[in-house]
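Structure at a glance
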Amino acid sequence: MKLFIDTANVEEIREAASYGILAGVTTNPSLIAKEGRKLEDVIQEIASLVNGPISAEVSEGDAESMIAQGRELAKIHPNIVIKLPMTWAGIKACKTLVSEGIKTNVTLCFSVDQALLAMEAGATYVSPFMGRLDDADMEAEALIRKIADVKALYGYETEIISASIRNLKHVEMAALAGSDIATIPYKVLMKMIEHPLTTAGLKIFADAAK
Ligand code: E4P
């Protein structure tokens, strides 16, 4: 399973990229707002740090405006992926942008039906949200598994990005459910290396080495 980082903070991205395990980046309007910078500037800087897909989300509500904004954002760098909402306008924009060779990520996916629409529209990526499903007491792992099953049954090329990841359990569930990618916040990504027995083992070996 490929690992993306879910952040618009360039320092976090720089550090994660330095370990050599980072395959891409996702951002959203909330993450961009947290940085207090213009979307275009942040995306451009991220593209200079990571050699992989970078999702930049449109802010427009109707299909024509999403398409126009998507075309502009895609000009920033060949790795830019246009993130579109799971609405009819988003699906329409997805179909058009994909036909122009622009990569897309249909976001805010909470059901197999929604994922099917994104896959039929030719989306490069579809993003089911695990944490928000958990918040609503709905099954996150089962959804990822079902979307992966539908993808395999019909041979869709759309990649599944498990998103809205809040903890290590979500990462593990995404991997076991057959997600292609997990997009992970910096703090959770950093915790993936930790285990108390590794820490204890390191101390034993360090003491022995003395
Ligand atoms: C995905 O691409 C989104 O940016 C993100 O994972 C949403 O996570 P949240 O539910 O924690 O806001």
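Check the entry above for the structure.
The residue numbers shown here count from 1 along each chain, following its written sequence. Totals for whole chains, interfaces and linings use all residues, but because this is a predicted model, local features are given only for residues with pLDDT of at least 70 and pairs of side-chain atoms are given and counted only at 80 or more. Based on all heavy atoms of the structure, the side-chain values leave hydrogens and waters out of the count.

Only rings of Phe, Tyr and Trp enter the pairing, Trp through its six-membered ring, and a pair is recorded when the two centres are within 6.5 Å. The plane angle decides the type: under 30 degrees is stacked, over 60 is edge-to-face, the rest tilted. Overall, the coordinates contain three aromatic pairs when judged by the stated rule. Here the aromatic rings of F4 and Y125 are separated by 6.3 Å at their centres, their planes lie at 70°, and the arrangement is edge-to-face. With F4 in strand β1 (residues 2-6) and Y125 in strand β6 (residues 125-128), this residue pair connects regions lying 121 residues apart in the sequence. Categorising residues by exposure relies on relative accessible area from a 1.4 Å probe, with only protein chains included: less than 20% of the type maximum marks a residue as buried, more than 50% marks it as exposed, and the intermediate range marks it as partly exposed. Judged by its relative accessible area of 2%, F4 falls in the buried class. Helix and strand assignments come from DSSP, with helices taken as H or I runs of at least 4 residues and strands as E runs of at least 2, each series counted from the N terminus.

The next thing to look at is the site of the ligand. One heavy atom within 4 Å of a molecule or strand is enough for the residue carrying it to be called near that molecule or strand. Around the ligand, the surrounding shell consists of D6, T26, N28, K83, F129, R132, A163, S164 and R166. R132 has a polar side-chain atom sitting 2.6 Å from an oxygen atom of the ligand. Whenever two N or O atoms come within 3.5 Å, that pair is a polar contact, provided that in protein one can donate a hydrogen and the other can accept it, and provided that, for residues adjacent in sequence, both atoms are side-chain atoms. Between the ligand and S164 there is a distance of 2.7 Å, counted from an oxygen atom to a side-chain nitrogen or oxygen. Accessible surface area values rest on a Shrake-Rupley calculation with a 1.4 Å probe, where residue burial reflects the displayed protein chains alone. Relative to its unbound accessible area of 340 Å², the ligand is 85% covered by the protein chains. Across the shell around the ligand, the residue classes tally to two nonpolar, three polar and four charged. Under the scheme applied here, ten amino acids are nonpolar (Ala, Val, Leu, Ile, Met, Phe, Trp, Tyr, Cys and Pro), four are charged (Asp, Glu, Lys and Arg), and all others, including Gly, are polar.

Within an α-helix, residues lying three or four positions from one another point in the same direction, as the helix has 3.6 residues per turn. Three or more residues of helix α9 (residues 168-176) are buried, namely H170, V171, M173 and A174. Seen end-on, α9 carries its buried residues on one side only, within an arc spanning 165°. Opposite the buried face of α9, by more than 90 degrees, sit the exposed residues K169 and L176. Contact between two residues is taken to exist if any of their heavy atoms lie within 4.5 Å; hydrogens are not considered. Here the buried face of α9 lies against α7 (130-135), α8 (140-154), β7 (159-162), β8 (181-184) and α10 (186-191). Backbone nitrogen of K169 and a side-chain oxygen of the N-cap are separated by 3.2 Å at the start of α9; the cap is N167. Throughout, the arc means the angular range of directions from the helix axis out to the C-beta atoms.

Strands qualify as paired when DSSP identifies two bridges or more between them. Taken in spatial order, the eight strands close into a barrel running β1-β2-β3-β4-β5-β6-β7-β8, and their pairing is parallel. Sheet twist, expressed as the average angle between the axes of neighbouring strands with direction ignored, equals 25°. Pairing geometry for β1 and strand β2 (residues 22-26), over four bridges, is parallel. Looking at the pairing, D6 lines up with T26 of β2. Structural elements are reduced to axes, namely lines fitted to C-alpha atoms, with helices fitted over the stretch in contact, and the angle between N-to-C directions of any two is expressed from 0 to 180 degrees.

The next point concerns the nonpolar core. Residues grouped as a nonpolar core are buried Ala, Val, Leu, Ile, Met, Phe, Trp, Tyr and Cys residues, joined through side-chain atoms within 4.5 Å. By size, the foremost hydrophobic cluster in this structure holds 61 residues, and its most contacted members are I82, L84 and I184. By residue number, the principal contributor to this core is α8, which donates six residues. Those residues in contact with L84, other than ones at most four positions away along the chain, are V58, M66, G90, A93, C94, L97, T104, N105, V106 and T107. Counting five residues, the second-largest nonpolar core is a separate cluster that includes F4, V81, Y125 and I181.

Attention now goes to the pattern of salt bridges. What counts as a salt bridge is simple: a side-chain nitrogen of Lys or Arg found within 4 Å of a carboxyl oxygen of Asp or Glu. The final tally for this structure, using the stated rule, is 13 salt bridges. Here E45 and R14 are joined by a salt bridge, their closest N and O atoms 4.0 Å apart. Of the two residues, E45 is situated in helix α3 (residues 39-49) and R14 in helix α1 (residues 10-18); the sequence distance between them amounts to 31 residues. Salt bridges sharing partners connect three or more residues here, namely E11, R14, R37 and E45.

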